Amino acid sequence: MNYWEWDLQPVQISDELFYVGTRKGPSHLLKTNDGLVLIDTGFPQSLYMLLENIRRLSFDYRDIKHIIHTHGHIDHFGGTRALVEMCGAKTYIGEGDEDAVMGLNELSCCVDFNRELEEPFTPDVIIRDGDKLKFGDKEIEFISTPGHTKGTLSLFMNLTWKGKTYRAGMFGGAGLNTLEEDYIKRHNLSFSCRDEYKASIDKLLTHKVDIHLGNHVRDNNHLAKMEQKREDNNPFIDYDSWGTFLSKQKEKIEIL
Ligand SMILES: [Zn+2]
């Protein structure tokens, strides 16, 4: 596995939100009037690519004040411990996933990615369903959407582009890998996680989303949108992507 092949150019999604992650480890950077908020940090091995993307956009990683995690898997929190040592940011995780990032259970997916959890961290803030947190002039609404993990958080926020406001949303854990029979049995989990996943999708479908943010680049066709992006055209404003993606995931879980 050549981690350096995961490098991806950063892209501006709205006035205040930027994709700064890699092909395998998603990360979004939110600019506020009180510092930067980073959503997910990717794998530990690709932290240098994340830092390089932040630099490419002329931001300073030392301005990151908050690091939010959509869920407790290594491809989402792997860079956190080192980054916190570098910038002193406060860390956030959904209720139920704190043990995974602290290394207290085997649910961080490290084994699945053939590695050990070398850099666990203790989160500063536990986020609960319905929490709305202010970061400077920005607010993020968190909805608990268990299934992929117990503490998966989905995020909603208002973003602006060319003078208009749009609602952005991210399903914080869409992968079906942890819902497969083998994974469930190996970790002594309950098959009820599949029902929770379906209920989470139903909950998310009640939200209207204009900008679908990917928890991985495949979720929202990020790579194709990135290629289409021009000064006068913002393909990330896409009114169909959210509903189409969620409906497809629901179909896939039915035939697992
Ligand atoms: Zn995951």
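Here, the structure is the one placed above.
Residues numbered from 1 in each chain as written. Predicted model: local features only at pLDDT ≥ 70, side-chain atom pairs only at ≥ 80, totals over all residues. Heavy atoms only, no water.

1. Observations regarding the state of the cysteines
Linking two cysteines covalently through their sulfur atoms gives a disulfide. Inclusion rule: In this description, a disulfide is simply a cysteine sulfur pair whose atoms lie within 2.5 Å. Three exposure classes are used, based on accessible area relative to the maximum for each residue type with a 1.4 Å probe and protein chains only: buried under 20%, partly exposed in between, and exposed over 50%.
Taken as a whole, this structure holds zero disulfides when the rule is applied. Of the cysteine sulfurs around Cys-110, a residue in no disulfide, the closest is that of Cys-109, at 8.0 Å. For Cys-110, a relative accessible area of 4% corresponds to the buried category.

2. As for unusual backbone geometry
As a reminder, the rule being used: Helix and strand assignments follow DSSP, with helices taken as H or I runs no shorter than four residues and strands as E runs no shorter than two, numbered in order from the N terminus.
A positive phi is found at Cys-109, a non-glycine position, where the angle reads about 70°. According to the relative accessible area criterion, Cys-109 is buried, its value standing at 1%. We note that Asn-221 has phi near 55°; this positive angle belongs to a residue other than glycine. Secondary-structure assignment places Asn-221 in the loop between β12 (211–213) and α7 (222–228).

3. Quick look at the packing of aromatic side chains
Any pair of aromatic rings gets described here by the distance separating the centres and the angle formed by the planes. Where we set the bar: Here a pair means two rings of Phe, Tyr or Trp (six-membered ring of Trp) with centres within 6.5 Å. Their orientation is stacked below 30 degrees between planes, edge-to-face above 60, and tilted elsewhere.
Counted according to the given criterion, the structure contains eight aromatic pairs. Look at Phe-18 and Phe-59: their rings are 5.1 Å apart centre to centre, the planes differ by 70°, and that puts the pair in the edge-to-face class. Taken as a pair, Phe-18 in strand β2 (residues 17–19) and Phe-59 in the loop between α1 (47–56) and β5 (64–68) lie far apart in primary sequence, 41 residues in all. Phe-59 carries the same exposure label as Phe-18, and that label is buried. Judged by centre distance (5.7 Å) and plane angle (75°), the ring pair of Phe-156 and Trp-242 falls under edge-to-face.

4. Focus: the nonpolar core
Test applied: Here, the term nonpolar core denotes a set of buried Ala, Val, Leu, Ile, Met, Phe, Trp, Tyr and Cys residues that are joined through side-chain atoms within 4.5 Å. By the convention used here, residues are in contact when the closest approach between their heavy atoms is within 4.5 Å.
By size, the foremost hydrophobic cluster in this structure holds 28 residues, and its most contacted members are Ile-140, Met-157, Ile-211 and Leu-213. Of all the secondary-structure elements, those providing two or more residues to this core are β2, β4 (35–39), β9 (138–144), β10 (153–161), β11 (164–170) and β12. Excluding its chain neighbours within four sequence positions, the residues that come into contact with Leu-213 are Ile-13, Leu-17, His-28, Met-157, Ala-168, Gly-169, Met-170, Phe-171 and Asn-220. Core analysis: the next-biggest nonpolar cluster, separate from the first, contains 16 residues, Leu-179, Tyr-197, Trp-242 and Ile-253 among them.

5. Points about the pairing of strand β6 (residues 90–94)
As a reminder of what qualifies: Any two strands are treated as partners once DSSP identifies two or more bridges connecting them.
In terms of burial, β6 is a largely internal element, four of the five residues being buried. As defined by bridge partners, β5 adjoins β6 across three bridges and the pair is classed as parallel. Bridge assignment links Ile-68 to a residue of β6, and that residue is Tyr-92.

6. Details of the sheet that holds β6
What counts is decided by this rule: Lines are fitted to the C-alpha atoms to define the axes, a helix being fitted only along its stretch in contact, and any angle between axes, read from their N-to-C directions, falls within 0 to 180 degrees.
Pairing within the open sheet is mixed, and its seven strands lie in the order β1-β2-β3-β4-β5-β6-β7. Strands with a single pairing partner mark the edges of an open sheet, and in this sheet they are β1 (11–12) and β7 (125–127). Packing of helix α3 (residues 80–87) onto the sheet brings it into contact with β4, β5 and β6, and relative to β5 it is tilted by some 160°.

7. Some thoughts on a positive patch on the surface
Rules: Exposure above 30% relative accessible area and no salt bridge define the residues that can form patches, which grow by joining like charges within 9 Å and nonpolar side chains of Val, Leu, Ile, Met, Phe, Trp and Tyr within 5 Å. With residues, only the protein chains shown are counted as cover, and all accessible areas are computed by Shrake-Rupley using a 1.4 Å probe. Salt bridges are defined as contacts in which a side-chain nitrogen from Lys or Arg sits within 4 Å of a carboxyl oxygen from Asp or Glu. For this count, His and the chain ends are skipped, Lys and Arg are scored as positive, and Asp and Glu as negative. By convention, charge coordinates are those of NZ in Lys, CZ in Arg, CG in Asp, or CD in Glu.
A surface patch of positive charge is lined by Lys-24, Arg-218, Lys-248 and Lys-252. Examined against the element boundaries, Lys-248 turns out to sit in helix α8 (residues 241–254).

8. Observations regarding α8
As a reminder, the rule being used: How far a helix is expected to stretch is found by multiplying one less than its residue total by 1.5 Å. Arc definition: it is the arc formed by the directions from the helix axis to the C-beta atoms.
Between the first and last C-alpha of α8 there are 20 Å, a value that for 14 residues agrees with the 20 Å anticipated at 1.5 Å per step. Looking only at α8, the buried set comprises Ser-241, Trp-242, Phe-245, Leu-246, Gln-249 and Ile-253. Projection of α8 onto a plane perpendicular to its axis shows the buried side chains occupying an angular sector of 115°, all on one side.

9. A closer look at the coordination of the zinc ion
Heads up, the condition is: Donor atoms (N, O, S) are those found within 2.8 Å of the metal centre, with the cutoff raised to 3.2 Å for Na, K and Ca; water is not part of the atom list, so apparent gaps in a site can occur.
Looking at the zinc ion, the protein donor atoms are His-71 (NE2), His-73 (ND1) and His-148 (NE2), and they sit 2.1 Å from it. Read N to C, the donor residues that coordinate the zinc ion are spaced as H-x1-H-x74-H. Residue His-73 is found in the loop between β5 and α2 (74–77), and its partner His-148 is found in the loop between β9 and β10; the two are separated by 75 residues along the sequence. Under the relative-accessibility criterion, His-148 is labelled buried at 7%.

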